[in-house]
Every structure is written in structure tokens, then in C-alpha cells.
Amino acid sequence: MEEVRIDKYLWAVRIFKTRSDAAEAVRNNRVLVNDRPCKPSREVRIGDEISVKRMPAVYRYRVLEYVSSRQPAKNVAQYCLNITPQEELDKLSAPRETIFVFRERGTGRPTKKERRDIDSLMSGFYDGDDDFDLE
């Protein structure tokens, strides 16, 4: 076996639960190979570095061996090396900040100005963009 498709590889080493989940993540630029976006049909090679963005952290893996069938969890270390930096792993244990905006009971829906104030307050804490910056 010489090369394996990226979506099949990600599924085989248990990074994604299904192959279609892996293919969708690749199409949505949540997976980079050697810091470049790719298509689900791209073939991985030994030594390639794969970055997978799963909120809130970006995981990094190095391809050690080719594999096309799903592996038991204990065998994954033979095919894939987790090289995720510690600062990314620290993001997993960081406390989540929540914002509660108090409104008097019975005041109805927020006005347009109040809604803008709420949105500007929330924009500093939440970024809904799940894709990598491709700059």
C-alpha cells in the first residue's frame, strides 16, 4: 500500500467517528495537511503533518504508516503520532466564560439599540468561525 486518502486515514486512526464526518471536515477547511488546505481525495504520505481544528483546540498529528481500515484504539499509535503542542491542550481545561445580560421581567424583547449593545458585548467572547484562517 503506497498512499491513502486523507478522509479514509482520519477515519481509520479514529480522529473522526465516520468517514463522511472526516470528508466534511476536510471540505470545510477544518483539516490541513502540511499547513495547506486539501480535498478529501488528497493522499497522505508518511511524514505528513495533519492539523485538525476541533473547537477549542487545533490538534496536530504526524503520519507514521499507511492504514486504510479502521483500527482498534490500542493500535492507533503505530500509524499516527499526536504532536499537539501543550498550549493547545491547555485550551481544553480553560474555564469557559459566560455572559448573562440582566433584563427586568416583563420588559419584552430588546430594542434595536439594546440588541446592538448585547451583540457588541458578545463579539468579544464568541467567535463563531470554525474554519482555519487561510492567510
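Structure's up top.
Below is a summary of the structure that appears in this document. (Residues numbered from 1 in each chain as written. Predicted model: local features only at pLDDT ≥ 70, side-chain atom pairs only at ≥ 80, totals over all residues. Heavy atoms only, no water.)

**Things to note about the sheet that holds strand E7 (residues 80-82)**
With antiparallel pairing, the five strands of this open sheet are ordered in space as E3-E2-E5-E6-E7. Each edge of the open sheet is held by one strand with a lone partner, namely strand E3 (36-37) and E7. Note that strand E5 (residues 49-54) and strand E6 (residues 57-63) share six bridges and pair antiparallel. Among the inter-strand pairings, Glu49 is bridged to a residue of E6, identified as Arg62. (Pairing = 2+ DSSP bridges. Helix = DSSP H or I, 4+ residues; strand = E, 2+ residues; numbered from the N terminus.)

**Some remarks on the nonpolar core**
Counting residues in hydrophobic clusters, the biggest one holds 26 residues, and the most contacted among them are Ile6, Tyr9, Leu10, Val31 and Ile50. In this structure, Leu10 is in contact with Ile15, Phe16, Ala22, Val26, Val31, Ile50 and Val52, ignoring residues within four places of it in sequence. (Core = buried A, V, L, I, M, F, W, Y, C linked by side-chain atoms within 4.5 Å. Buried < 20%, exposed > 50% of the residue type's maximum accessible area, 1.4 Å probe, protein only. Contact = heavy atoms within 4.5 Å.)

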